Amino acid sequence: MSPASKPTSPVIELKNLVKSYNVRSGVMGKSRELRILENISFTLNRGEILSIVGESGCGKTTVGKVAAGIIKPTSGEILYEGKNPWTLPKHEFTEYRRKVQMIHQDPYQSLNPVQRIYDIISAPLFRHKKVKNYKEAREKVKELLQRVDLSPVDDFIDKNPHQLSGGQRQRVAIARTLTVDPEFIVADEAVSMLDISIRLSVVDLMLKLKEDLGVTYLFITHDLAIAKYFGKGGRIAVMYLGRIMETGPTLEIIHNPMHPYTRILLSSIPEADPEKTRSKKHIQLRSLDIPSLMDLPKGCKFHPRCPLWLAGKCDQDEPSLQEASPGHWVSCFNPQSGPVA
Amino acid sequence: MARGEKVLTVEKLSIDYISRRGPVQAVRNVSFDLYAGENLCIIGESGSGKTTMGMSLVKLSPPSAVIKKGTILYTLGGKEYDVRSMSEAQLRAFRWKEVAMVFQGALNAFNPVIRIKKQFLDTGWAHNMKDNKEILRRSEELLRFVQLDPKRVLNSYQHELSGGMKQRVLIAMSLLLNPKILIMDECTSALDILTQRTIINLLKKIKEEMGIAFIFVSHDLSLAAELADRIVTIYAGRVVEMGTTEDIFKNAVHPYTRGLIKATPTVTGNEEGLTSIKGTPPDLIRLPAGCKFNPRCEFPTTQCYQEEPELVSIGKDHYVACLKADQSRD
Ligand SMILES: Nc1ncnc2c1ncn2[C@@H]1O[C@H](COP(=O)(O)OP(=O)(O)OP(=O)(O)O)[C@@H](O)[C@H]1O
Ligand SMILES: Nc1ncnc2c1ncn2[C@@H]1O[C@H](COP(=O)(O)OP(=O)(O)OP(=O)(O)O)[C@@H](O)[C@H]1O
Ligand code: SF4
Ligand SMILES: [Mg+2]
Ligand SMILES: [Mg+2]
């Protein structure tokens, strides 16, 4: 086990977290509260992986930004190593922001195109006083490029991002993240834009950092197959309209999904195996339309689409997360069990 | 599946883009056939030339693209269409009516200030459908077929529709003139799982009920596994392997095809044997000598650095371009 891992201490905790925005509808419409996240709770221990999956707009990025201290929750609590960062004195807050880093989806937009790789990676090194002079910086940058497998490093260090492929850019973004010795990385669709031929190698690199440096990950993706590969020993949380519908150990969620939404997602995914994918049984939705956040249904937010809804119950009351088996939580009045398809 | 008539022959097609650094060899000596009612998937990584090839099939390439050589010949309803020698007027009548296409990024191609209804009418008018009632009747029928509410959709502007709805509208529109072939380029990659599933099922239904042949361009192997009858793998603008879906997934021979399959995790499968392909995509302006895959190939021989392999038959309907094709089979 690597020195950095103290297996049971929580790195980050979110408790009953709510995020809402005030939005104005129409030109003279009045301001309304738009609730993006509702009652989100989870705990991540050192060296753990939590994957957040769900469809576009369900709130994955917002959860990531709250966890990384980029946006402040409306209510509820966030604790980093037991302390609420938003009540910390300024220098401690800065320290927290250093320990928590976010890798974004788009490797094309997140790197400044006119800087050299050396400039991109050395800037935070100087800013955080990790190096004293050019010579030290150069050495450290080379070491980091080596760590993310951009070798021979002398070929890369003086290039511009536009001279690199998408996979190489994402490696540079990861190397930049590592300059500040992060403990907790929020990877927001960090490999989704990458081509299949290079996607797996970046995922493997991120796993290696977990082994070598004991990094804790919040891994945001809409791709359940990648979530399963990356977070095999970790946990998954399935989100829908700002809520966690189901959460549990990764393989348990994949093999024994209990929430109708998780089951539909798994049954819908095409698989890179002709026999398997063609013999899959697809569970049908009641409706194809996702409700708008402006006009959420009463009761379970999934009931207008849920094939298993119980009339008179699911359209009246909202279920809450219940522990169905150790570590496996489901928010549903009619949970299922066993593998899908 | 019983094979239909041959409807398209592409032979030795090569396309360059003019660029300041030199010609970008986006499509190199590509040959394949398409049969009536089949789904042919073109797979390959980003930048391998899939879109360039797709656009040329209906002569919609951008001005900087130069077709250097090759044949694109359709045989539809007893008539032959040699796309490269057709005039603009002939092409306008041909596109949509014989071959329709939904291109990459087409979700943003709607005119934002006119209603969907008008866009259906425009498409009909452009193809000599004179009777507005008839165009609208057909549009409504097709919108219902793609599981949309025709009344609501026809009166909408594009921004009032979700990505999945827009994609279905585009598919409905592409069917307006009863084409025999549909070319679709990355038509589901921007969509969510559940929307993607709806589109996949819809494409299957179109193929089964309307007998339309598909050229389906994607970098996503799982879509090919689900939809394709045959699969073409391209690497650096060239066909490196072609075969039935079963052969490609079970008996792939080219190290690149094998690499792609090994690099794709599945939800139900196990992770054993999953490995990434090393190296990076080639620069299409300065291609390496010999086999273009040699910098990323696991076991290249000296010959691989000198000679570019031809696409050769290695079994019924199975073709591969690899100098070690004989040895790399299981
Ligand atoms: N600043 C904001 N003001 C108002 N609404 C916002 C704001 N930021 C996000 N939203 C809304 O909150 C919801 C959740 O957004 P978020 O970006 O977290 O979703 P996501 O799950 O990451 O989606 P995707 O998969 O598309 O990235 C969306 O409906 C979005 O439009
Ligand atoms: N208009 C253009 N001018 C010059 N080069 C171009 C042009 N369009 C594409 N290219 C280049 O041609 C090559 C093939 O591009 P193409 O778009 O056909 O690839 P693709 O396989 O469709 O990729 P993707 O999966 O990313 O859509 C790429 O190297 C690309 O940069
Ligand atoms: S609570 Fe009811 S509507 Fe909601 S997911 Fe469960 S069964 Fe479906
Ligand atoms: Mg997001
Ligand atoms: Mg393309």
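Quick note: structure is the one above.
Quantities reported herein were computed from a predicted structural model and do not represent experimental measurements. Every chain is numbered on its own, with residues counted from 1 as its sequence reads. Chains carry letters from A onward and ligands carry numbers from 1 onward, assigned in written order. Totals for whole chains, interfaces and linings use all residues, but because this is a predicted model, local features are given only for residues with pLDDT of at least 70 and pairs of side-chain atoms are given and counted only at 80 or more. Derived side-chain values reflect all non-hydrogen atoms in the structure, with water molecules and hydrogen atoms excluded from consideration.

1. Considerations on the pairing of strand β3 (residues 39–43) of chain B
Residues and elements named next belong to chain B.
Alright, step 1. Among the five residues that make up β3, five are buried, leaving the element largely enclosed by the rest of the structure.
Alright, step 2. Each pair of strands is called paired provided DSSP finds at least two bridges between the two strands. A run of H or I in DSSP counts as a helix once it spans at least four residues, and a run of E counts as a strand once it spans at least two, with each numbered from the N terminus. With five bridges joining them, β3 and strand β8 (residues 213–218) adopt parallel strand pairing. Across the sheet, residue C41 finds its bridge partner in β8, namely F216.
Alright, step 3. Taken together, the four bridges between β3 and strand β9 (residues 230–235) define a ladder with parallel strand orientation. With a 1.4 Å probe rolled over the protein chains alone, any residue whose accessible area is under 20% of its type maximum counts as buried; one over 50% counts as exposed, and the rest are partly exposed.

2. A few points about the site of ligand 1
All names here are of chain A.
Alright, step 1. Note on terminology: near, applied to a residue and a molecule or strand, indicates that one of the residue's heavy atoms is within 4 Å of it. Near ligand 1 the following residues occur: Y21, I36, E55, S56, G57, C58, G59, K60, T61, T62 and L293.
Alright, step 2. Distance and chemistry together define a polar contact, namely a pair of N or O atoms within 3.5 Å, with one atom able to donate a hydrogen and the other to accept it when in protein, and with adjacent residues in sequence counting only for side-chain atoms on both sides. Measuring from an oxygen atom of ligand 1, one finds a side-chain N or O atom of S56 at 2.5 Å.
Alright, step 3. Between G57 and ligand 1, the recorded distance is 2.8 Å, taken from a backbone N or O atom to an oxygen atom.
Alright, step 4. The protein chains hide 61% of the 640 Å² of surface that ligand 1 would expose on its own.
Alright, step 5. Examining the composition of the shell around ligand 1, we find that three residues originate from one element, helix α1 (residues 60–67), more than from any other.
Alright, step 6. Partitioned by chemical class, the residues of the shell around ligand 1 number four nonpolar, five polar and two charged. Working definition of accessibility: Shrake-Rupley area with a 1.4 Å probe, residue cover restricted to the visible protein chains. We call Asp, Glu, Lys and Arg charged. Ala, Val, Leu, Ile, Met, Phe, Trp, Tyr, Cys and Pro are nonpolar, and the rest, Gly among them, are polar.

3. Remarks on the interface of chain B and chain A
Alright, step 1. The interface of chain B with chain A comprises 41 residues on the first partner and 38 residues on the second.
Alright, step 2. Together, the buried faces of chain B and chain A total about 3,500 Å²; carbon and sulfur atoms form 60% of this surface.
Alright, step 3. The three residues of chain B that bury the most area against chain A are B:I193, B:L194 and B:V267, which together make up 22% of that side's buried surface.
Alright, step 4. Any Lys or Arg side-chain nitrogen found within 4 Å of a carboxyl oxygen on Asp or Glu counts as a salt bridge. Between chain B and chain A we count one salt bridge in total.
Alright, step 5. Across the pair B:K250 and A:E275 runs a salt bridge, and its minimum N-O distance is 2.8 Å.
Alright, step 6. Broken down by secondary-structure element, the contributors of at least two residues to the side of chain B that touches chain A are α7 (193–210), α8 (221–227), α9 (245–251) and α10 (255–262) of chain B. Pairs of residues are marked as contacts when any of their non-hydrogen atoms sit within 4.5 Å. Here the quantity called buried area is the total loss of accessible area, with a 1.4 Å probe, experienced by two parts when brought into contact, counted for both.

4. Let's talk about the site of ligand 2
Residue and element names in this part refer to chain B.
Alright, step 1. Neighbouring ligand 2 are 16 residues, the closest being S46, G47, K50, T51 and T52.
Alright, step 2. Within the backbone of G47, an N or O atom sits 2.8 Å from an oxygen atom of ligand 2.
Alright, step 3. Between ligand 2 and S48, the relevant distance is 3.2 Å, taken from an oxygen atom to a main-chain nitrogen or oxygen of the residue.
Alright, step 4. For ligand 2, the protein covers 67% of the area, taking 640 Å² as the surface of the free molecule.
Alright, step 5. Counting residues per element, the shell around ligand 2 draws most heavily on helix α1 (residues 50–56), which supplies three residues.

5. Focus on helix α3 (residues 117–127) of chain A
Alright, step 1. Every buried residue of α3(A) is listed here: A:I117, A:Y118, A:I120, A:I121, A:S122, A:P124 and A:L125.
Alright, step 2. Trailing α3(A) by a residue or two, A:K129 shows a phi angle of about 55 degrees, which is positive.

6. Points about the packing of aromatic side chains
Residues and elements named next belong to chain A.
Alright, step 1. The criterion for an aromatic pair is that two Phe, Tyr or Trp rings (for Trp, the six-membered ring) have centres within 6.5 Å, with stacked assigned to planes under 30 degrees apart, edge-to-face to planes over 60 apart and tilted to the rest. Counted by the stated rule, this structure contains 15 aromatic pairs over all chains.
Alright, step 2. Aromatic side chains Y240 and F302 sit 5.1 Å apart centroid to centroid with 80 degrees between the ring planes, which places their arrangement in the edge-to-face category. Taken together, the residues Y240 in strand β8 (residues 235–240) and F302 in the loop between α11 (274–279) and β10 (322–325) connect sequence positions 62 residues apart. A single burial state applies to Y240 and to F302, both of which are buried.
Alright, step 3. Members of the aromatic cluster, connected to one another through ring pairs, are Y80, W86, F93, Y96 and F184.

Taken by themselves, the reported measurements are silent on function.
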